[in-house]
Amino acid sequence: YEAILALAPNDMEALSGLETLALADDDAELLMSVDARVIDGTLDRGLRAAHTTRLAELCEADDPTRALALYRSALDADPENLSATRGLSRLAARPDAAAVLEPAARREADVMHDDKASAELWVRSALAELRARRDDKSAAGKLERALELDPDNPSAAYYLTECLLRTGEVQRLSDLLARAAASADDKQRSSALWREVARLYADEQENVAGAISALHRALRHTPDDVHVLGELARLFRRDGQWNEAANLLTRVVGMTDDPHLLREAQSELAGIYDERLGDAPEALVHLRAALKLTPEDPAIIQRLSDLLSREGQHGEAVTMAQRLVDVSRTPEARIKALLNLSKVEVRRGDKAGAARALVDAVGLDGPGSAAGATLREAIGQFATAQDYVAALRKYIQNQRSGAGAPADVYLVLSRVQADLIDAKNYGLLTLREAIERQPGNLALRVEHAKLLRAVNAFDECANELRLLLLLDVERLQTWRDLAECFGAMNRADPRLRALEALRVLGVRQNEAPP
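Here's a quick rundown of the structure. (Residues numbered from 1 in each chain as written. Predicted model: local features only at pLDDT ≥ 70, side-chain atom pairs only at ≥ 80, totals over all residues. Heavy atoms only, no water.)

### Things to note about the overall build of the chain
Point 1. In terms of regular secondary structure, the chain is built from 29 helices and 0 strands.
Point 2. Long-range pairs, those at least 24 residues apart, make up 45% of the contacts in the chain between residues at least 6 apart in sequence.
Point 3. For the chain, the accessible surface area stands at approximately 25800 Å², while carbon and sulfur atoms represent 49% of it. (Helix = DSSP H or I, 4+ residues; strand = E, 2+ residues; numbered from the N terminus. Contact = heavy atoms within 4.5 Å. Areas by Shrake-Rupley, 256 points an atom, 1.4 Å probe, with all protein chains shown as cover.)

### Re the side chain of Asn153
Point 1. Note that Asn153 resides in the loop between helix H9 (136-149) and helix H10 (154-167).
Point 2. Polar side-chain contacts of Asn153 include one of 3.2 Å to the side chain of Glu120.
Point 3. Asn153 has contacts with Ala119, Glu120, Val123, Leu147 and Arg189, leaving out every residue within four places of it along the chain. (Polar contact = N/O pair within 3.5 Å; in protein donor to acceptor, adjacent residues only side chain to side chain.)

### Considerations on the environment of Gly312
Point 1. For Gly312, the location among the structural elements is in the loop between helix H18 (298-310) and helix H19 (314-327).
Point 2. For the pair formed by Gly312 and Arg348, sequence separation is 36 residues and the distance between their alpha carbons is 7.9 Å.

### What to know about the packing of aromatic side chains
Point 1. If you walk through the whole model with that rule in mind, you get 1 aromatic pair.
Point 2. Measuring from centroid to centroid gives 5.0 Å for Tyr158 and Tyr159, while their planes differ by 85 degrees, and the two rings are edge-to-face.
Point 3. Judged by relative accessible area, Tyr158 falls into the partly exposed class, the value being 48%. (Phe/Tyr/Trp six-rings, centres within 6.5 Å; stacked < 30°, edge-to-face > 60°. Buried < 20%, exposed > 50% of the residue type's maximum accessible area, 1.4 Å probe, protein only.)

### Here's the deal with the pattern of salt bridges
Point 1. Tallied over the entire structure, the rule returns 30 salt bridges.
Point 2. Note that Asp150 and Lys116 form a salt bridge whose closest N and O atoms lie 3.1 Å from each other. Taken together, the residues span a long stretch of sequence, with Asp150 in the loop between H9 and H10 and Lys116 in helix H8 (residues 115-133) at a distance of 34 residues.
Point 3. Taking the relative accessible area as the measure of exposure, Asp150 reaches 7% and is therefore buried.
Point 4. Arg172 is paired through a salt bridge with Glu169; the nearest N and O atoms lie 3.1 Å apart. (Salt bridge = Lys/Arg side-chain N within 4 Å of Asp/Glu carboxyl O.)

### Comments concerning helix H27 (residues 458-471)
Point 1. For H27, spanning 14 residues, the distance from its first C-alpha to its last is 20 Å, which sits close to the expected 20 Å at 1.5 Å a residue.
Point 2. Among the residues of H27, those classed as buried are Phe458, Cys461, Ala462, Glu464, Leu465, Leu468 and Leu469. Seen end-on, H27 carries its buried residues on one side only, within an arc spanning 165 degrees. Set apart from the buried face of H27 by more than 90 degrees, the exposed residues are Asp459 and Leu470.
Point 3. Elements in contact with the buried residues of H27: helix H25 (424-437), helix H26 (442-454) and helix H28 (476-488). (Expected span 1.5 Å × (residues − 1). Arc of directions from axis to C-beta.)

### Quick look at the side chain of Ser305
Point 1. If you trace the backbone, Ser305 turns up in helix H18.
Point 2. For Ser305, a relative accessible area of 0% puts it in the buried group.
Point 3. Aside from chain neighbours lying at most four places away, what touches Ser305 is Ala317, Met320, Ala321, Asn340 and Val344.

### With respect to the packing of H9 against helix H11 (residues 170-183)
Point 1. Axis separation between H9 and H11 bottoms out at 9 Å; the angle between their running directions is 20 degrees. Compared by their axis directions, H9 and H11 come out roughly parallel. In the packing of H9 onto H11, the handedness of the crossing is left-handed. The segment H9 lies against H11, with Glu144, Leu147 and Glu148 engaging Arg172, Leu176, Leu177, Arg179 and Ala180.
Point 2. In terms of residue class, the contact of H9 with H11 is built from 4 nonpolar, no polar and 4 charged. (Axes fitted to C-alpha atoms, helices over the stretch in contact; angles between N-to-C directions. Parallel < 35°, antiparallel > 145°, perpendicular 65-115°, else oblique. Left-handed = near helix turned anticlockwise from the far one by under 90°. Nonpolar A, V, L, I, M, F, W, Y, C, P; charged D, E, K, R; others polar.)

In structure tokens form, the structure reads like this:
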């Protein structure tokens, strides 16, 4: 055969005989040679396309670039070539075949009439586009084509949503997904698409009525889907249709045994009956049901405590409020729970209990907090200055394991002791405790000297003022206080020396203490 072909390279009979031998011997190299000679020698487009396709198949594994060119050449010769179309799709499945994806997608739809395979290739082509250029508009066009071919393709819908949200084409996205939802064969998939349309209407376009309509369509396909029922109930709530929302949530409660869904439905029902329909007893039923599902849920416990308190069921309300304190795992949560307990105790009429809760809250959060402000406002109503002292003492005690309480807290405590409960000696003890911890703190020593003078402890006051001068010798008020202290002690010479120091520091005689 080779001898014949040496004389007549395009002799088809010789090439056919050589092909038969190559196939019998499974000689791929010889078969590739035959295909190449036929391609060069025939004018028959169909024959050339068939041999080009086989040559591409033979070199596909080792030389995909050449195979790609050959498949394209075969399809140019015979656009309906099924084998070449499939070969192109195989090459498109390779990780490095981005350039092949789009033509392969077109061929799958036009030649093989395989819409699902074509849609998958369009999706992959769009993702390659996004990785390479971040071109949302171009990728969205391909994903739109994929969704038209196969409305059941979840990836097409997902990535199309991402692209069009980034480009701000929300209305177009809603329309495309709605069209896909109406065309999808799979009921679950159609329902999922209508749910996404509802989300876009409600959250992106403020079209609650449209969202409700979309979820009704979803329910036609999946009438027992509790997730859809719950979403529809929330839309009814958003639209102010409280009875409709309650009816749907009641259906959810009767249809699911999922603890999370049950808890959410019971909690939402409680809110509707309490806040919108004015049925507190029914709200209590649902809150108790929710609490059985999540016995340590702080939000449910607090709502139940508050509703019981408002309904005059004070004993159980306090029990729930204390339970909220017990389940609080962080200082912040415990402080809020204690403030809640105080409110519940006030409603019950237990002033001492309300004060105790505030004392514990301030003991955790300090006097500068909301709890501190609440306790100060309560003094004279249901709390006393002694309660405030106890709260400050508790806060100081709680801070000892760390850096200690700030000087300001000691100052507040000493002033409350001195001024509100007329216990100046206790105020002095508080300041001495603070000074022992912070000996260089000027504000503490100033307050200490002031309180010593108030209790007529002039010798100690003078000593404290001298220590203050060691901290700040140019502090004019210290020299004034020292002059007045010596005057109260009838010690003329030290007093004159203090006045002289003021003059040296620039204080005129008429501005000095008399």
